[in-house]
Amino acid sequence: MATVSFERVGKVYRDGTRALVDFDLEVGDGEFMVFVGPSGCGKTTALRMVAGLEDISEGEIKLGGVVVNGLHPRKRDVAMVFQNYALYPHMTVYKNIAFALRVRKTPDAEIRERVETTAKILGLSSELGRKPAQLSGGQRQRVAMGRAIVRNPQAFLMDEPLSNLDAKLRVQMRAEIARIQREVGATTIYVTHDQVEAMTMGDRVAVLRKGALQQCDEPQRLYEQPVNLFVASFIGSPAMNLVQARVESAGERLACTIGSQQLQLPDALVARLPSLRGFVGRAVAVGVRPEHLLDATIAGDRGDGSVLRGRVVTTELLGSEVLAHIEVEAEPVVTEEVLEVAGDTDRALAEDLRSEARERRTTFVCRFPIETAVRPGDDARVAVATDKLHFFDLQTETAVRGG
C-alpha cells in the first residue's frame, strides 16, 4: 500500500468548466479517506484523476511518492470499485475475482490461493461457483470488491459503491466495507454524497464544494468544529439549526439576541471564543445541533437565560425519540452555501428557507425524549445548551474561533 498525494491539483474541462481548484491533500498509507459533498462538487473528478481516467490540468498527483500525472491507468496499480459493480455476467464468482490475475498471467496455483483468501475475507467462499445473476446486490458488491482486493493494489478507489442498494442493505454494507478495509489495511479513497455514510466509515472525511476543499478532519471533529457555514449545514442529520442573531454586551457578560428573545452566553464559552467579543453589536449566524435543544418542561428551566419560546409545527416519532419542529420568530440564515446544501437534498426545503426568511421566522429541529408531551400547535419552551452554540461571521461565513 502507499500514500496518495494531491498537490495543488486543478481540473478544467475544454468548455472552461473548473471542476477542481488548488486541491491539496495527503491520504496516509492504510487510511480510509472519504470524499463527500453535493452533486458537482468535484469529488468523483478527483477520484478519476487518481485512477488516470481524467487528465490533470494543474498540479501533481503522487502514488507512493511517485508522480503519476502522465502514467497510463494500467500502470498506476490502483483498483477501482464502481457503483454498477461491472461484473462479467457469464463468469462465475471465482472467475470474476480471478480475471485481473489471469490477464497478468499469474500462475494458476497462486490465483487459486489469492482468490480463496479474498473470498474468505469477503464471506464469499460458498458462492465461488455461482454467477452474478444468482447473487444478491450485497453479494455482487462484495464480488466487485474482491476483484480489487485480489490484486493487492497500492490504493482502492470506490465511487459511490452502495448507491444502488436499498437502505437496509446500505447500512449493512457500510459496516462490511469498513471491516474489510481494516482487515486488508488498504489505502482507500471512497466517494459518496451521503454524509451519514462518510461520517460512519472514514478515518478522515474531506468535504468539497464547487471543486474546493472546505475541511478535512476526523468525523467527530468535523461534526463538532465545522470551519464554515457550508460544512456546518452539510454535516449532521438532522442538520445543524442556523439562525441570525446579534451579539450584545450584558454587563460584563455576553448574550445573543434571537428575534425578540435573548440567550445568556456562559463564561466558559466566551473564554473558549474570546474573539466573539469583537462581534458585539453585530449580526452573526448562530448554530445549534438538534440534540442540544431540550424540552424545557423535562430538562427544567434553570433560570439562566437559556430558554427560547416557540410554536410546535410538527413532530416526528422515531421510536426512541421525537423530532420536534419548533418555529421561533427570528431570521434564518439563508446564504448561498446553506441553500446549496438544502437544495441538493430537497428543493422544497430550500424554498421553505426562502419563505421563512421573508417572514422572519426560523424552524428549529429538536431531539426530544420519547416522554415529551409537545404536540403540533402547542406553545413550547426549548432549553438551549448554550455552551454548545456555534458562531459564524455572516460576512466571511467562517466559524468564530478562539484568539
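For the structure itself, look to the data block above.
Residues numbered from 1 in each chain as written. Predicted model: local features only at pLDDT ≥ 70, side-chain atom pairs only at ≥ 80, totals over all residues. Heavy atoms only, no water.

Participant: Can you walk me through the pattern of salt bridges in this structure?
Facilitator: Once the charged atoms of two side chains with opposite charge are near each other, the side chains can pair. Under the counting rule described, the total for this entry stands at 19 salt bridges. The shortest N-O distance in the salt bridge between R48 and E54 comes to 3.5 Å. A relative accessible area of 17% means that E54 is categorised as buried. Between E327 and R361 there is a salt bridge; the shortest N-O distance is 3.0 Å. One end of the pair, E327, is in strand β17 (residues 321–328); the other, R361, is in the loop between α12 (347–359) and β18 (362–369), and 34 residues separate them in sequence. Residues joined in a network through salt bridges with shared partners are K11, R48 and E54. (Salt bridge = Lys/Arg side-chain N within 4 Å of Asp/Glu carboxyl O. Buried < 20%, exposed > 50% of the residue type's maximum accessible area, 1.4 Å probe, protein only. Helix = DSSP H or I, 4+ residues; strand = E, 2+ residues; numbered from the N terminus.)

Participant: Sorry if this is basic, but what is going on with the pairing of strand β16 (residues 307–317) here?
Facilitator: Two faces belong to every sheet, and in a regular strand the side chains alternate between them. Here five bridges tie β16 to strand β19 (residues 379–384), and the two strands are oriented antiparallel to one another. Opposite R311, over in β19, you have D379 as the bridge partner. Sheet analysis places β16 next to β17, joined by six bridges and oriented antiparallel. Within β17, the residue paired with V312 across the bridge is I326. Joining the antiparallel neighbours β16 and β17 is a turn of three residues, in which G319 adopts a positive phi near 90°. (Pairing = 2+ DSSP bridges.)

Participant: Help me understand the packing of aromatic side chains, please; the structure alone is not making it clear to me.
Facilitator: Each aromatic ring pair is characterised by the separation of its centres together with the angle its planes make. For the structure shown, the criterion picks out six aromatic pairs. Arranged with centres 5.7 Å apart and planes meeting at 85°, the rings of F23 and F35 form a pair that is edge-to-face. Taken together, the positions of F23 in strand β2 (residues 18–27) and F35 in strand β3 (residues 32–36) put the pair twelve residues apart, joining distant regions of the chain. Summarising the burial analysis for this pair, F23 and F35 share the class buried. Every member of this aromatic cluster is reached through a ring pair, and the members are F6, F23 and F35. Directly above the ring of Y223 sits R289, whose terminal nitrogen or CZ lies 3.9 Å from the centroid. (Phe/Tyr/Trp six-rings, centres within 6.5 Å; stacked < 30°, edge-to-face > 60°. Lys NZ or Arg CZ within 6 Å of the ring centre and 35° of its normal.)

Participant: I keep staring at the pairing of strand β7 (residues 155–159) and nothing clicks. Help me out?
Facilitator: A large share of β7 lies buried, amounting to five of its five residues. Pairing between strand β6 (residues 78–81) and β7: four bridges, direction parallel. Residue pairing for β7: A79 is matched across the bridge by F156. In this sheet, strand β8 (residues 188–192) lies alongside β7 in parallel orientation, the contact comprising four bridges. Pairing of L157 across the sheet is with I189, part of β8. Taking the sense of rotation as the criterion, the β-α-β connection linking β7, helix α5 (residues 167–184) and β8 turns out right-handed. (Right-handed = clockwise from strand over helix to strand, strands pointing away.)

Participant: Just to check I follow, could you spell out the sheet that holds strand β12 (residues 253–258) for this structure?
Facilitator: One key point about sheets: their strands pair by backbone hydrogen bonds, in either a parallel or an antiparallel sense. Ordered by their spatial adjacency, five strands build an open sheet running β13-β12-β11-β14-β20, and the pairing between neighbours is antiparallel. One side of each edge strand has no neighbouring strand; the edge strands of this open sheet are β13 (261–264) and β20 (390–393). Neighbour-to-neighbour, the strand axes of the sheet open up by a mean angle of 40°, direction not taken into account. Of the pairings in the sheet, the one linking strand β11 (residues 241–250) to β12 comprises five bridges and is antiparallel in character. Looking across to β12, one finds that V247 is bridged to C256. (Axes fitted to C-alpha atoms, helices over the stretch in contact; angles between N-to-C directions.)

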